[in-house]
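# Structural overview
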Amino acid sequence: MGVLSAVLRSLRRTTTISGLAVGALALSGCAGSSLDQSGSQGSGDEVKLGLLVPLSGVYAPLGEDMRDGFQLYLDQHGGRLGGKTVRVVTVDEGETPQTGVPAAQKLVTQDRVTAVVGVVNSATALGLRDFFHESKVPLLVANAGADAITGERSSPYVWRTSFANGKVGAALGPAVAEEVDGGVYLITADYAAGREMVGGFRKAFEAAGGKIAGEKYTPFGKTQDYQPYLSAIRNSGAKAVFSFYAGAEAVNFVKQYKQFGLADRIPLYGTGFLTEGGVLNAQGASAVGVKTSLHYSTELDTPINKAFVEAYRTKHGKAPTVYSVQAYDAAAALDKAIAKADGTGGEDIAEALGGIGTIDSPRGPWSFDADHDARQKYYLREVRSDGGSFVNAVLGELD
Amino acid sequence: MDTYLVTVLNGLAMGSLLFAIALGLSLVFGMMDVLNLAHGAIYLVGAYVAVALTGDGAGPAMFVAAVLAAAAAGAVLGGALAGMTRATPHHLDQALLTLGVALVVAESLTVVFGSDVHSLAAPAPLDGGVQILGQTYPVYRLLVIAFGAILALVVYRLVERSRLGAVIRATVADRAMVSALGIDTGRVLVGVFAAGAALAAVGGVLAGPILGAQPGLDEKVLLLALVVVVVGGLGSVRGALLGAVLIGQVQALGVALLPEYASFLLFAAMAAVLLMRPAGLLPAPTAVRA
Amino acid sequence: MKAVETTAPAPAVAARPRRPARRGRAVAAAVTAAALLAAVPLVLGAYPVSMMTRMLAFAVLVLSVDLLTGITGMPTLGQAAYFGVGAYTAALVGVHLTSDGAVQVAAALLAGLAAAAVTGWIAVRAHGIVFLMLTLAIGESVHQLADTWSLVGGGNGLAGMPPVSVLGTALPAAGFVYWWVLAVAAAAFAVVALVARSPYGRTLRGIRDNEARMRALGYRPGPAKFGVFCLAGAVAAVGGALWAAQVRFVSPGDLGFEVAALALLSVVIGGSGTLWGPCLGAALVLLVRDNLSAHVGGHGALVLGAVFVAVVFTMPRGLAGLARRPRRTEARS
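Residues numbered from 1 in each chain as written. Chains lettered and ligands numbered in written order. Predicted model: local features only at pLDDT ≥ 70, side-chain atom pairs only at ≥ 80, totals over all residues. Heavy atoms only, no water.

### Brief notes about the overall build of chain A
- When helices and strands are tallied, chain A shows 13 helices and 16 strands.
- When the 399 residues of chain A are sorted by exposure, 62% land in the buried category.
- Looking at chain A as shown, the accessible area adds up to about 13,800 Å², and 49% of this sits on carbon and sulfur atoms. (Helix = DSSP H or I, 4+ residues; strand = E, 2+ residues; numbered from the N terminus. Buried < 20%, exposed > 50% of the residue type's maximum accessible area, 1.4 Å probe, protein only. Areas by Shrake-Rupley, 256 points an atom, 1.4 Å probe, with all protein chains shown as cover.)

As structure tokens, then:
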């Protein structure tokens, strides 16, 4: 608190606001005038990359996994991407664009990074689109799932190594239509991601001949008790349920689905985030039997994934998640792009990202499509008990 | 109809938890005029005590130990807060102070336990379900309802029928007068603050198997408790009980009946009550004075 | 009921008529401050300037909270709603109509005024903590609306706002946006300061200190409170428009509980009742929130909480109290 009181003491006289300006200056470092616009700079043998992940707030577990995944790739490649030494500047995205947008502005305008990786919150990614587009700095979205990021709001500078909400939901549609004989109930948190995932599922599911038995949208971030909704599901006569929740809501929903006796009678399907990472640990046995669609599982039986899981466990002491892989692959994409690029400026790298071809990832081979979204396989997963811990066993590929 | 009866039952379980949590907040506000914004953080301390002691699925003995440990931790924190808030006379400063403490406590819990979601199992013999009206219902929630009923009776006897209760009520009504009678109101205040905080922490343990423990839960619980307190009426035991039961039902039956408006129900109910009865449904007798 | 008294203590100095010498000093201080603030873009880089732009926009929101909480004695957690109404209005105008900053601010002002008028008549009937909870309910409901209403982008927010232009010239660089925001923020500050010093402002302070006595003296607290609530809504909305001008994006997070709480805390930290104190509080709070978190491993809340506790015990009158304390001893001796 010494610094604070010193600053405050300096504010005592009438020069309060100049004191503040000096404080801001001292804190942020002098960087010249702010009256011109300038993009990123690369210099010689070094590239500076920004990592924009949530370290505080409800998304912090995802942010930590992303940071760990990104770091693992760097460590495995001697801290170099595309032959250049990498310097990483990490900032906290926080929970909402209120914090995420300023943090990204800092990376680009102050730290002058060549490219930024991260972003969990979809609103933050959409809100930053124009900023990155105009600054000509590539943004590699490593989680945020809003369809528009690589849809109507796409940009030559915005790339996504993760997923689009609608596609994850859609992947499961035909499989559920085939497996379930009867109506399916849709339930999700009432916000953009939930509606997009359910919307994607519904479209593919109905196209495959499936029938909807009912739907509910629960208040996002405010629902602790799902009993009223579970009763409605029971009374609807649905033969299966499709849902999307994340974080604490996913834990409460899946646990209560079991506690109120639905798990034994009505199979539960969802997008993979329902049972991923720390969420699955917390759900434990209540999640057994839940079937989900996702582009990754630790149980994928490929040499490259086994080596990845092993290395990740050794380095970070826990199993990786889809979030780790998305950031790991963002590093892989940058590795190829920097190697191919003519220079280390943002424009060079954005252009090179278009030509990196297929990436052999722990999730299987994937590449950027024309909209800069990840073109990838989705897997049908089922939660199983594996000697005390719980995993998402892979039942097969979805198409 | 059967469906709604089970939902009503569930609303009672939530109401019981809310009563345990909101009671301390209400009494402290009634007696000391302190809006304790650290109340949710104290609840979260209780929840994490349960994670630490019963995280791997412990039996009833360990569960009871967790309740006692949480009560102790809550009482200590409450006592400390009482001391700190008594040293700061102004309301807005007290709000800032208790919020500061809340942030420090909650963030310290994140440092220790990580930012992942933790869930808790009910103690072994109570973790199953029973059939009620043809539906499976978790036994543990029935226990929570029973706890709420017993707590309501005990607190009512204590506050409305005992000598200690008379002192507490008198302190709510007119602290200066009680002081003039030679009773050390400072000790009463610290005692009530500590007891209320202990109750909130115990609430954290009891709610553990239902709500789990994760960063951010403190704010949600604080918000619900505040709504219960203003709906019920500040400083009153009966008000806290009525408010808790009402809000429990709004969150359960209300959601079942009007799912489309689920996200607006809580605040709509609160606004409706406050517009009709600005002092809440059953305020402490003295609070009508001004 | 006791809650009536849930208000800040009267800062005696602010209410007292100012002596000419002191007024001269205050004017000199304001001019110096304005000049220094205006010089900021010449010295600092783009990021610190964009940060200070957001501080200014946030300070306007905090001013509106101060108007209600510090001057009129109505502690509020609902001003973020009107801030959000202003930000969304400005963004909608920016996306669909014109990039003219003045039009955006004017539209936001009207929208904020209207929103406050519609919701205010319910809220101002309450006092103290009940008022606080009602404003919280307003804030949460508006937040919920923004989160689910697809017309304004729902949870994904409203993007695609072009750079603000002033007098027909687009302002792409951070420094020019800063000057625009500074100019409007200074105007908002001046308006609030004039209101606070006017007879109406004295009526509001009277309501804060003793509403019953004001009523006995023949004042009508109801309309006075409703008026200041509408004014505060308009000021908060202007802050929202300025925020949108810098960030060029609005999302439900901008009108959430966190923003409302930080705004109220900025008032308390700065010293409620004065106007410049809360503005400094706003800057301090944003500085800690946006710059410290990554340095302490995402545990910025720990620092923020410690700052709150420290402020209470070391600066009982907030930042403003630091400047006032010497004067008060002067006056006594």
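The rest of the description comes next.
### Let's talk about the packing of helix 3 (residues 46-71) of chain C against helix 4 (residues 79-96) of chain C
All names here are of chain C.
- One way to put it is that helix 3 packs onto helix 4 with a least axis distance of 10 Å and a crossing angle of 140 degrees. Viewed along their axes, helix 3 and helix 4 adopt a mutual orientation that is oblique. Between helix 3 and helix 4 the crossing geometry is right-handed. Seen from helix 3, the contacting residues are Ala57, Leu61, Ser64, Val65 and Leu68; seen from helix 4, they are Gln79, Ala80 and Phe83.
- Taken together, the residues that form the contact of helix 3 with helix 4 break down as six nonpolar, two polar and no charged. (Axes fitted to C-alpha atoms, helices over the stretch in contact; angles between N-to-C directions. Parallel < 35°, antiparallel > 145°, perpendicular 65-115°, else oblique. Left-handed = near helix turned anticlockwise from the far one by under 90°. Contact = heavy atoms within 4.5 Å. Nonpolar A, V, L, I, M, F, W, Y, C, P; charged D, E, K, R; others polar.)

### A word on the packing of helix 4 of chain C against helix 5 (residues 101-123) of chain C
Residues and elements named next belong to chain C.
- It is the contact of helix 4 with helix 5, at a shortest axis distance of 8 Å, that shows an interaxial angle of 140 degrees. Comparing their axes, helix 5 and helix 4 come out oblique. Between helix 4 and helix 5 lies a crossing of right-handed hand. Here Tyr82, Val85, Gly86, Thr89, Ala90, Val93 and Gly94 of helix 4 come into contact with helix 5, specifically with Val103, Gln104, Ala107, Ala108, Ala111, Gly112, Ala115, Ala116 and Thr119.
- In terms of residue class, the contact of helix 4 with helix 5 is built from ten nonpolar, six polar and no charged.

### Let's talk about the pattern of salt bridges
All names here are of chain A.
- For the coordinates displayed, the defined rule picks out 27 salt bridges over all chains.
- Across the pair arginine 67 and aspartate 68 runs a salt bridge, and its minimum N-O distance is 3.8 Å.
- The class of arginine 67 is partly exposed, set by a relative accessible area of 32%.
- A salt bridge links arginine 202 to glutamate 215; the nearest nitrogen and oxygen atoms lie 2.5 Å apart. Of this pair, arginine 202 sits in helix 7 (residues 192-207) while glutamate 215 sits in strand 8 (residues 211-219), and the two are 13 residues apart along the sequence.
- Residue arginine 202 is classed as partly exposed on the basis of its relative accessible area of 23%.
- You can call glutamate 215 partly exposed: its relative accessible area is 33%.
- Sharing partners across several salt bridges, the network here consists of Arg160, Lys167, Asp369 and Asp373. (Salt bridge = Lys/Arg side-chain N within 4 Å of Asp/Glu carboxyl O.)

### Comments concerning the interface of chain B and chain C
- Residue-level contacts link 42 residues of chain B with 41 residues of chain C.
- Overall, the association of chain B and chain C removes approximately 3,600 Å² of surface from exposure, summing both partners, and the carbon and sulfur fraction of that is 79%.
- At the boundary of chain B with chain C, the tally comes to zero salt bridges.
- Looking at the side of chain B that touches chain C, the elements with two or more residues in it are helix 1 (2-32), helix 4 (91-113), helix 9 (217-232) and helix 11 (262-276) of chain B.
- Among the residues forming the side of chain B that touches chain C, the class breakdown is 30 nonpolar, eight polar and four charged. (Buried area = accessible area lost by both parts, 1.4 Å probe.)

### What about helix 6 (residues 163-173) of chain B?
Residue and element names in this part refer to chain B.
- All of the buried residues in helix 6 are Gly165, Val167, Ile168, Thr171 and Val172. Viewed along the axis of helix 6, the buried residues span an arc of 160 degrees, placing them on a single side of the element.
- On its buried face, helix 6 sits against helix 1, helix 5 (139-161), helix 7 (175-180) and helix 8 (185-211). (Arc of directions from axis to C-beta.)

### Here's the deal with the packing of aromatic side chains
All names here are of chain A.
- Overall, the coordinates contain 26 aromatic pairs over all chains when judged by the stated rule.
- Taking 3.9 Å as the distance between ring centres and 5 degrees as the angle between the ring planes, the aromatic pair formed by phenylalanine 201 and phenylalanine 242 counts as stacked. In this pair, phenylalanine 201 sits in helix 7 while phenylalanine 242 sits in strand 9 (residues 240-244), placing the two residues 41 residues apart along the sequence. There is no split in this pair, since phenylalanine 201 and phenylalanine 242 are both buried. (Phe/Tyr/Trp six-rings, centres within 6.5 Å; stacked < 30°, edge-to-face > 60°.)

### So, unusual backbone geometry
- At A:His372, a residue that is not glycine, the phi angle is positive and equals roughly 75 degrees.
- With respect to the helices and strands, A:His372 occurs in the loop between strand 13 (364-368) and strand 14 (374-375).
- Although it is not a glycine, C:Arg248 sits at a positive phi angle of roughly 55 degrees.
- Inspection of the secondary structure puts C:Arg248 in the loop between helix 10 (221-247) and helix 11 (257-270).
- Residue class for C:Arg248 comes out buried when judged on its relative accessible area of 15%.

### Side note on the pairing of strand 15 (residues 378-386) of chain A
Residue and element names in this part refer to chain A.
- Bridging between strand 11 (residues 291-294) and strand 15 involves four bridges; their strand directions are antiparallel. The residue bridging leucine 294 from the neighbouring strand is tyrosine 379, located in strand 15.
- With nine bridges joining them, strand 15 and strand 16 (residues 389-398) adopt antiparallel strand pairing. Counterpart to tyrosine 378 in the pairing with strand 16 is leucine 398.
- Once strand 15 ends, the chain turns through two residues before running back antiparallel as strand 16, passing glycine 387 with a positive phi of about 55 degrees. (Pairing = 2+ DSSP bridges.)

### Here's the deal with a nonpolar patch on the surface
- Where nonpolar side chains cluster on the molecular surface, the patch consists of B:Tyr4, B:Leu257, B:Leu258 and B:Tyr261 and spans about 400 Å² of accessible area.
- As for its placement among the helices and strands, B:Leu258 is situated in the loop between helix 10 (237-257) and helix 11. (Patch = residues over 30% accessible without salt bridge, like charges linked within 9 Å, V, L, I, M, F, W, Y side chains within 5 Å.)

### Things to note about the domain arrangement of chain A
Residues and elements named next belong to chain A.
- Domain annotation of chain A identifies domain 1 (46-163 + 303-368) and domain 2 (166-294 + 379-398).
- The gap between the C-alpha centroids of domain 1 and domain 2 is 28 Å.
- Across the boundary between the two partners, domain 1 contributes ten residues, which contact ten residues of domain 2.
- Summing the contributions of domain 1 and of domain 2, the shared interface buries around 750 Å²; its carbon and sulfur component is 58%.
- At the boundary of domain 1 with domain 2, the tally comes to zero salt bridges.
- Joining domain 1 to domain 2, the criterion identifies four residue pairs in polar contact (both at pLDDT 80 or more).
- Tallied by class, residues from the side of domain 1 that touches domain 2 come to five nonpolar, three polar and two charged. (Domains from an automatic or database assignment. Polar contact = N/O pair within 3.5 Å; in protein donor to acceptor, adjacent residues only side chain to side chain.)

### Some points on the sheet that holds strand 4 (residues 115-118) of chain A
All names here are of chain A.
- If you trace the six strands from one edge of the open sheet to the other, you get 2-3-1-4-5-6, paired in mixed fashion. Across the chains shown, the open sheet's two edge strands, defined by having one partner strand only, are strand 2 (80-81) and strand 6 (158-160).
- Pairing of strand 4 with strand 5 (residues 139-141), which is carried by three bridges, proceeds in the parallel orientation. Across the sheet, glycine 118 pairs through a bridge with valine 141, a residue of strand 5.

### With respect to the sheet that holds strand 13 of chain A
Residue and element names in this part refer to chain A.
- In space, the three strands of this open sheet follow the order 12-13-14, with antiparallel pairing throughout. Each edge of the open sheet is held by one strand with a lone partner, namely strand 12 (359-361) and strand 14.
- Relative to strand 14, strand 13 is paired through two bridges, and the arrangement is antiparallel. Counterpart to serine 367 in the pairing with strand 14 is arginine 375.

### Considerations on the nonpolar core
- By size, the foremost hydrophobic cluster in this structure holds 226 residues, and its most contacted members are A:Leu52, A:Phe132, B:Met270, C:Phe58, C:Ile129 and C:Leu242.
- In contact with A:Leu52, other than residues within four places in its own chain, are A:Val91, A:Glu93, A:Gly100, A:Ala103, A:Ala104, A:Leu107, A:Val116, A:Val117, A:Gly118, A:Val119 and A:Leu128. (Core = buried A, V, L, I, M, F, W, Y, C linked by side-chain atoms within 4.5 Å.)

### Remarks on the side chain of B:Gln94
Residues and elements named next belong to chain B.
- By secondary structure assignment, the location of glutamine 94 is in helix 4.
- The buried category is assigned to glutamine 94, whose relative accessible area is 6%.
- A distance of 3.4 Å separates the side chain of glutamine 94 from the backbone oxygen of threonine 85, its partner in a polar contact.
- Beyond its immediate sequence surroundings of up to four residues, glutamine 94 is in contact with Asp33, Val34, Thr85, Thr88 and Pro89.

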